[in-house]
Amino acid sequence: MPSFEFEDKHKGKVAGIDEAGRGPWAGPVVAGAAVFLDRNVDEFLLKNLNDSKKLSAKKREELYEKLLEANKKGQVLIGIGEASVEEIDSLNILQATFLAMKRAKEALGVVPDFALIDGNQKPQGIGCDCATLVKGDAKSYSISAASILAKVYRDRLMTDLAKKYPYYAFEKNAGYGTKAHVDGLNSYGIVKGIHRLSYKPIQEILASKAA
């Protein structure tokens, strides 16, 4: 379960940063950032924050709303950043993820004194001292909060895209390469600006259409 153990190793405002959406074939990559200014937050948050992948969609939504409430109360700073499909294709997914993380940090409204980054790769040009933490979303409250912010924001964005492009089941697969997504691609082709043209499965579908 997460704790503030890793935050307590650093002075000042410590941000947790995590991403969602590196693997999907469609949609932007999104990063979240969170700083706990006041740890006396709603008990529901500290009881339930965890790696977003271990939580139900309903629980993630509840935690997301609690984080927004804590933000309004001045208890938690939150930031969300994204990198577009065009940026993913031009930069590559790793560099686009770093860009989304930088934007999420900037969206906090303050420069944190330190950032804890989920995973094992430091974002270039993040703009503050930082350290990586493997599986940090299950170890650090700040990273866990960032994980929830990124995941729910991105899922909602993909659900909105599904209303405009109903053939790919984005509301269910969030852009991952499920059978329903593949069936939609085979029947209707790709959507420029939505599908990641640099991804091999998309390139293969494009090639098969051109053959």
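Note that this is a predicted model, so its numbers are computed, not measured.

Asks: Even after reading the chapter, I still don't get the sheet that holds strand S2 (residues 29-36), so can you show me in this structure?
Replies: Picture the strands of a sheet paired through backbone hydrogen bonds; they go either parallel or antiparallel. Across the sheet, 5 strands lie side by side as S3-S2-S1-S4-S5; this open sheet has mixed pairing. The open sheet is flanked by strand S3 (76-83) and strand S5 (130-133), the only strands paired with a single partner. Looking at each pair of strands side by side, their axes are set apart by 20 degrees on average, direction ignored. Pairing analysis gives 8 bridges linking S2 to S3, with the strands arranged antiparallel. Across the sheet, residue Gly32 finds its bridge partner in S3, namely Ile80.

Asks: How do you make sense of the side chain of Glu7 when you look at a structure like this?
Replies: Assignment of secondary structure puts Glu7 in the segment before strand S1 (14-20). There is no salt bridge for the buried Glu7, and the closest opposite charge comes from Arg39, which lies 5.8 Å off by N-O distance. One polar contact links Glu7 to Ser140, side chain to side chain, over a distance of 2.7 Å. If we skip the residues at most four places from it in the chain, Glu7 touches Val14, Arg39, Leu116, Ser140, Tyr141 and Ser142.

Asks: Mind showing me how you'd approach the packing of aromatic side chains here?
Replies: Here a ring pair, both rings aromatic, is described through the centre-centre distance and the interplanar angle of the planes. On inspection of all chains with the given rule, the structure shows 5 aromatic pairs. Each ring, one from Phe4 and one from Tyr141, has its centre 4.7 Å from the other, and the planes form 55 degrees; the classification is tilted. Of this pair, Phe4 sits in the segment before S1 while Tyr141 sits in helix H5 (residues 141-164), placing them 137 residues apart in sequence. Each member of the pair, Phe4 as well as Tyr141, carries the same accessibility label: buried.

Asks: Would you mind showing me how to read helix H7 (residues 179-188) here?
Replies: Given 3.6 residues per helical turn, the α-helix brings residues three or four places apart onto the same face. Listed as buried for H7 are His181, Gly184 and Leu185. Down the axis of H7, the buried side of the element spans an arc of 100 degrees, and every buried residue falls inside it. Set apart from the buried face of H7 by more than 90 degrees, the exposed residues are Lys179 and Ser187.

Asks: How should the pattern of salt bridges be read in this particular structure?
Replies: Opposite charge on two side chains makes pairing possible when the charged atoms of those side chains draw close. Under the definition given, this model contains 12 salt bridges. Residue Glu61 is joined to Arg156 by a salt bridge in which the shortest nitrogen-to-oxygen separation is 2.6 Å. Of this pair, Glu61 sits in helix H2 (residues 57-72) while Arg156 sits in helix H5, and the two are 95 residues apart along the sequence. In this structure Glu61 comes out as partly exposed when scored by relative accessible area, which is 30%.

Asks: What is the right way to read the environment of Pro28 from this model?
Replies: By secondary structure assignment, the location of Pro28 is in the loop between S1 and S2. The spacing of Pro28 and Gly125 is 97 residues in sequence and 20 Å in space, taken between C-alpha atoms. Apart from residues lying up to four places away in sequence, Pro28 is in contact with Gly21, Glu82, Ala83, Ser84, Val85, Ile88, Arg154, Leu157 and Arg196.

Asks: Is there a simple way to explain empty space enclosed by the protein in this structure?
Replies: Where empty space is left can be seen by rolling a probe of water-molecule size over the atoms. Going through the model one piece at a time under the given rule, you end up with 1 cavity of 30 Å³ or more. Of the pockets and cavities examined, the largest cavity occupies roughly 40 Å³. The biggest single contributor to the lining of the largest cavity is H2, with 3 residues. For the lining of the largest cavity, the per-class residue count stands at 3 nonpolar, 1 polar and 4 charged.

Quick notes on the rules
- Each chain carries its own residue numbering, running from 1 in the written order of its sequence.
- Totals for whole chains, interfaces and linings use all residues, but because this is a predicted model, local features are given only for residues with pLDDT of at least 70 and pairs of side-chain atoms are given and counted only at 80 or more.
- The side-chain values count all of the structure's non-hydrogen atoms but skip hydrogen atoms and water molecules.
- Any two strands between which DSSP finds at least two bridges are classified as paired.
- Helix numbering and strand numbering both begin at the N terminus, where a helix is a DSSP run of H or I of at least 4 residues and a strand a DSSP run of E of at least 2.
- Every angle, taken between N-to-C directions, lies between 0 and 180 degrees, and every axis is a line fitted to C-alpha atoms, over only the stretch in contact when it is a helix.
- Whether a residue is buried, partly exposed or exposed follows from its accessible area with a 1.4 Å probe, protein chains only, as a fraction of its type maximum: under 20%, in between, or over 50%, in that order.
- For this count, His and the chain ends are skipped, Lys and Arg are scored as positive, and Asp and Glu as negative.
- Each reported salt bridge corresponds to a side-chain nitrogen of Lys or Arg within 4 Å of a carboxyl oxygen of Asp or Glu.
- Within 3.5 Å is the distance limit for a polar contact, defined as a pair of N or O atoms, with the added protein rule that one can donate a hydrogen and the other accept it, and that residues adjacent in sequence qualify only through two side-chain atoms.
- In what follows, residue pairs with any heavy atoms lying within 4.5 Å of each other are defined as contacts.
- Side-chain rings of Phe, Tyr and Trp (the six-membered ring for Trp) are treated as a pair once their centres are within 6.5 Å; stacked means planes under 30 degrees apart, edge-to-face means over 60, and tilted covers the remaining angles.
- By definition, the arc is the one covered by directions from the helix axis to the C-beta atoms.
- Buriedness of a pocket was judged along seven lines, with at least five required to meet protein on both sides within 12 Å; pockets are open sets of points on a 1 Å grid over the protein atoms alone, cavities are sets where a 1.4 Å probe fits but cannot get out, and lining residues have an atom within 4 Å of a point.
- Grid points are joined across faces, edges and corners, and a volume is the space filled by probe spheres set on the points.
- Each residue receives one of three labels: charged for Asp, Glu, Lys and Arg, nonpolar for Ala, Val, Leu, Ile, Met, Phe, Trp, Tyr, Cys and Pro, and polar for the others, Gly being one of them.

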